[in-house]
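# What the coordinates show
Okay, here's what each chain looks like letter by letter:
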Amino acid sequence: MQRRNFIRLLGGGAVFAAGGALTGCSGAYPDAAVAAWAGPPAGAELRRWALGHAVLAPSSHNRQPWLVDLREPDAIVLRVDRERLLPETDPWFRQIVVSQGTFLELLVIALRERGVEPRVELFPEGEFAPRTLDDRPVARLSWAAGAGGARKDPLYAQVRARHTAKVDYDTARPVAPAVLASLAGALPPEAGWGLRFGGVVDGERLAALRQLCWDAARVELGTPRTVMESIRLTRVGPGEIRANPDGIALNAPLVRLLDAVGLFDRSRPPAEGSAAHRNMMARFEGHSASAMGFVWLASATAANASRGRMRSAEVAAGRAYARLQLQATALGLQMHPMSQAPQEFPEMKPAYDRLHALTVGRPAAEETVQMLCRIGYCAPQPHTPRRGVDAIVQA
């Protein structure tokens, strides 16, 4: 097989035939792996109905690191699934905690759709310290039996429509500056969650952030232990995807063929200079270069640290990001987290410092950039696999 006939894309990509798809073999994800996107049964018990929407939340590397306890009536307790961490790229567990916030926000939106306004108590048994995790709950949601009358959230309509398109954006279609204000309108007042929203769609800062994202991607992809974290989470073919509907799912016919004959090596990073390495790098360069704007969310580091609320700020960032992406969906816009530069592993430190200078204009000791996302337009992409509600409910 000639090298020019296939492109290998790792770290959230795909492998596909440049000369045409293989016949008689679908690249669609198995029905069971994407069944959650059809939504929960209308007659499901309230909490399971709401959870059927929350499991559609975005999460870092699609790890879906959530566990819920339903043993208390009229309540849901959320914990981190500590079997689903990212120790190499997320050594301080910030991204995992942010992912608790995305789940929490979709859960609240779904409950409001059924007329329930939950009381949300973060870290009811105490907030675990920065750079640590334990088994204490992240959040407890509760409500009075029979309570109703909550105001519905218009973003509910986007919960099953949203997706994260990990493809190049249309560089011929700019993002209007007014879009940033429309996105910000989906967030609560700054005082509510203690976050600062920012964005850019043109000018020198846009160019600088594109370059930063590409530089940061090269660090992650060029560091063996961090790129291997993504490779180990790659699921190839219907069998692996059904068994583990998370991580990075690849179901294109050609990659399945290459894997079957031993030519899709997941035991080591692709060798520098190889066709596989060049194509992997080109994909991330394309994502960075095609960004038509960026948005970010930041929180006050020192103030939150002094009040013991560093983890609460991360949860708030996840909730805000979920709302931003739902609003982007309503606007026909795509939003894709560029997770590399905000990561805290040592090799990323120069890019991490540049990120803070380019966005909030302060060092991370004063203000932490929790999320950086590219925005732009592209054709709709398929939904990614999800675990069902039963997989996250603790016995």
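For the structure itself, look to the data block above.
## Some points on the overall build of the chain
For the chain, the count of helices and strands is 13 helices and 13 strands. For 395 residues, the compact-globule estimate of 2.2 N^0.38 gives 21 Å, and the C-alpha radius of gyration of the chain, at 21 Å, lies within 12% of that figure. When the backbone C-alpha atoms are referred to their principal axes, the chain occupies close to 65 × 50 × 40 Å. For the chain, contacts bridging at least 24 residues in sequence account for 77% of all contacts bridging at least 6. Here the chain has roughly 16,300 Å² of accessible surface; of this, 53% comes from carbon and sulfur atoms. For the chain, the centre of its 47 positive side-chain charges and the centre of its 39 negative side-chain charges are spaced 3 Å apart.

## Details of the pairing of strand 3 (residues 66–69)
Both faces of strand 3 are covered, namely the face carrying W66 and V68 and the face carrying L67 and D69. Pairing analysis gives four bridges linking strand 3 to strand 4 (residues 75–80), with the strands arranged antiparallel. Pairing of W66 across the sheet is with V80, part of strand 4. Here strand 3 folds back onto strand 4, and the loop between the two strands holds five residues, one of which, D74, carries a positive phi near 55°. One ladder, built from two bridges, connects strand 3 with strand 13 (residues 393–394); its direction is parallel. In the sheet register, V68 faces strand 13, and the bridge partner there is V393.

## So, helix 13 (residues 349–359)
If you check which residues of helix 13 are buried, you get A351, Y352, L355, H356 and T359. Taken end-on, helix 13 shows its buried residues confined to a sector of 140°, consistent with a single buried face. Opposite its buried face, helix 13 presents the exposed residues P350 and A357, each directed more than 90 degrees away. On its buried face, helix 13 sits against helix 6 (203–222), strand 10 (294–300) and strand 12 (367–376). Of the residues one or two after helix 13, G361 is the one with positive phi, at around 70°.

## Looking at the environment of S306
Mapped onto the elements, S306 comes out in helix 11 (residues 301–306). For S306, the side chain forms a polar contact with the main-chain oxygen of A303, separated by 2.8 Å.

## Re the sheet that holds strand 5 (residues 119–122)
Two strands in a sheet stick together by hydrogen bonds in their backbones, pointing the same way (parallel) or opposite ways (antiparallel). As summarised here, the arrangement of the five strands in space is 5-6-4-3-13, forming an open sheet in which the pairing is mixed. Each edge of the sheet is formed by a strand with only one pairing partner; in this case those strands are strand 5 and strand 13. Most of the contacts of helix 2 (residues 46–54) go to strand 4, to which it runs at about 35°, and overall it touches strand 3, strand 4 and strand 13.

## Looking at the sheet that holds strand 10
An order of 7-10-12-11 is seen for the four strands of this open sheet, with the pairing classed as antiparallel. The strands lining the two open edges of the sheet, one partner per strand, are strand 7 (195–200) and strand 11 (334–337). Shown here is a sheet whose adjacent strand axes are inclined to one another by a mean of 25°, direction ignored. With four bridges joining them, strand 11 and strand 12 adopt antiparallel strand pairing. What sits directly across from Q334, in strand 12, is G376.

## Focus on unusual backbone geometry
Even without being glycine, H61 reaches a positive phi, approximately 55°. The topology assignment puts H61 in the loop between helix 2 and strand 3. Taking the relative accessible area as the measure of exposure, H61 reaches 17% and is therefore buried. Of note, the phi angle at F123 is positive, near 45°, even though the residue is not glycine. Take F123: it is sitting in the loop between strand 5 and strand 6 (139–142).

## So, the environment of P188
Here P188 shows up in the loop between helix 4 (177–184) and helix 5 (190–193). Spatially, the C-alpha atoms of P188 and E117 are 16 Å apart, while their sequence positions differ by 71 residues.

## Points about the packing of helix 6 against helix 13
At a minimum axis distance of 10 Å, the contact between helix 6 and helix 13 shows a crossing angle of 165°. The orientation of helix 6 with respect to helix 13, classified from their angle, is roughly antiparallel. As helix 6 runs across helix 13, the sense of the crossing is left-handed. Where helix 6 approaches helix 13, its residues R205, A208, L209, Q211, L212, D215 and A216 are matched on the opposing element by A351, R354, L355, L358 and T359. Of the residues contributing to the contact of helix 6 with helix 13, the split by class is seven nonpolar, two polar and three charged.

## A word on the side chain of Q343
Mapping Q343 onto the fold places it in the loop between strand 11 and helix 13. Separated by 3.5 Å, the side chains of Q343 and Q95 make a polar contact. The residues contacting Q343, other than those within four sequence positions of it, are T89, R94, Q95, E220, M348 and Y352.

What counts, and at which threshold
- Residues numbered from 1 in each chain as written.
- Predicted model: local features only at pLDDT ≥ 70, side-chain atom pairs only at ≥ 80, totals over all residues.
- Heavy atoms only, no water.
- Helix = DSSP H or I, 4+ residues; strand = E, 2+ residues; numbered from the N terminus.
- Rg over C-alpha atoms; globule rule 2.2 N^0.38 Å.
- Contact = heavy atoms within 4.5 Å.
- Areas by Shrake-Rupley, 256 points an atom, 1.4 Å probe, with all protein chains shown as cover.
- Lys, Arg positive; Asp, Glu negative; His and termini not counted.
- Charge placed at Lys NZ, Arg CZ, Asp CG, Glu CD.
- Buried < 20%, exposed > 50% of the residue type's maximum accessible area, 1.4 Å probe, protein only.
- Pairing = 2+ DSSP bridges.
- Arc of directions from axis to C-beta.
- Polar contact = N/O pair within 3.5 Å; in protein donor to acceptor, adjacent residues only side chain to side chain.
- Axes fitted to C-alpha atoms, helices over the stretch in contact; angles between N-to-C directions.
- Parallel < 35°, antiparallel > 145°, perpendicular 65-115°, else oblique.
- Left-handed = near helix turned anticlockwise from the far one by under 90°.
- Nonpolar A, V, L, I, M, F, W, Y, C, P; charged D, E, K, R; others polar.

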